[in-house]
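Topology and contacts: notes
Chain by chain, the residues:
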Amino acid sequence: MKIDDLVRTANWKIEKHVPVIDCMEAVAADEVFEVKVAIGKEVAHPNTTEHHINWISLYFQPEGDKFPYQVGHYEFTAHGASVQGPNTGAVYAHHAMSTWIKINKPGTLFAISICNIHGLWQSSKEIKLK
Ligand SMILES: [Fe+2]
């Protein structure tokens, strides 16, 4: 068994765990652009002490390159826990992130995320150069 056997994917319009990558389809080389990744874009995922998203990692695989690059890792560490108990805290980190990148080759962005009880989920988005 390999870890990729454990990383699930699905149609984000009906499955709440899929990380959805939102950015331009084509960018100019070396032009800084925004990349957003969110869980539950169409079907909301819970955000409670018992059930939440722990992190999203973003990777870029340049076309023709052998290995991917990690772009960033975004942890969501507040889920309503407090000294009074679960779901009594004042803050919940929402499972969405935004970052800015530039690329000089076309390629594919990959997002992988983990739900504390439903495991690893991934998606990808191809980016072309203008
Ligand atoms: Fe979940």
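To keep things clear, this report deals only with the structure shown in the data block. (Residues numbered from 1 in each chain as written. Predicted model: local features only at pLDDT ≥ 70, side-chain atom pairs only at ≥ 80, totals over all residues.)

On to the overall build of the protein. In terms of regular secondary structure, the protein is built from zero helices and eight strands. What you see in the protein, going N to C, is helices and strands ordered as β-β-β-β-β-β-β-β. Principal-axis analysis of the C-alpha atoms places the extent of the protein at approximately 55 × 35 × 25 Å. Across the 130 residues that make up the protein, the buried fraction comes to 19%. (Helix = DSSP H or I, 4+ residues; strand = E, 2+ residues; numbered from the N terminus. Buried ≥ 20, exposed ≤ 12 C-beta atoms within 10 Å, placed from the backbone.)

Let us now look at the nonpolar core. Grouped burial of nonpolar side chains is what soluble globular proteins tend to show. Grouped together as the largest cluster of nonpolar side chains are 13 residues, with contacts concentrated most on Ile 21, Val 35, Val 37, Ile 56, Leu 58, Leu 109 and Ala 111. Where this core is concerned, the elements lending two or more residues are strand E3 (33-39), strand E4 (53-62) and strand E7 (107-115). With four residues, E3 is the largest single contributor of residues to this core. Apart from residues no more than four positions distant in its own chain, Val 35 is found in contact with Ile 21, Cys 23, Leu 58, Thr 99, Ile 101 and Leu 109. (Core = buried A, V, L, I, M, F, W, Y, C linked by C-beta atoms within 7 Å. Contact = placed C-beta atoms within 7 Å.)

Within the chain, Asp 30 stands out as a residue other than glycine whose phi angle is a positive 65°. Looking at the element boundaries, Asp 30 is found in the loop between strand E2 (26-27) and E3. Unusually for a residue other than glycine, Asn 87 sits at a positive phi of about 60°. Counting through the fold element by element, Asn 87 comes out in the loop between strand E5 (69-75) and strand E6 (96-101).

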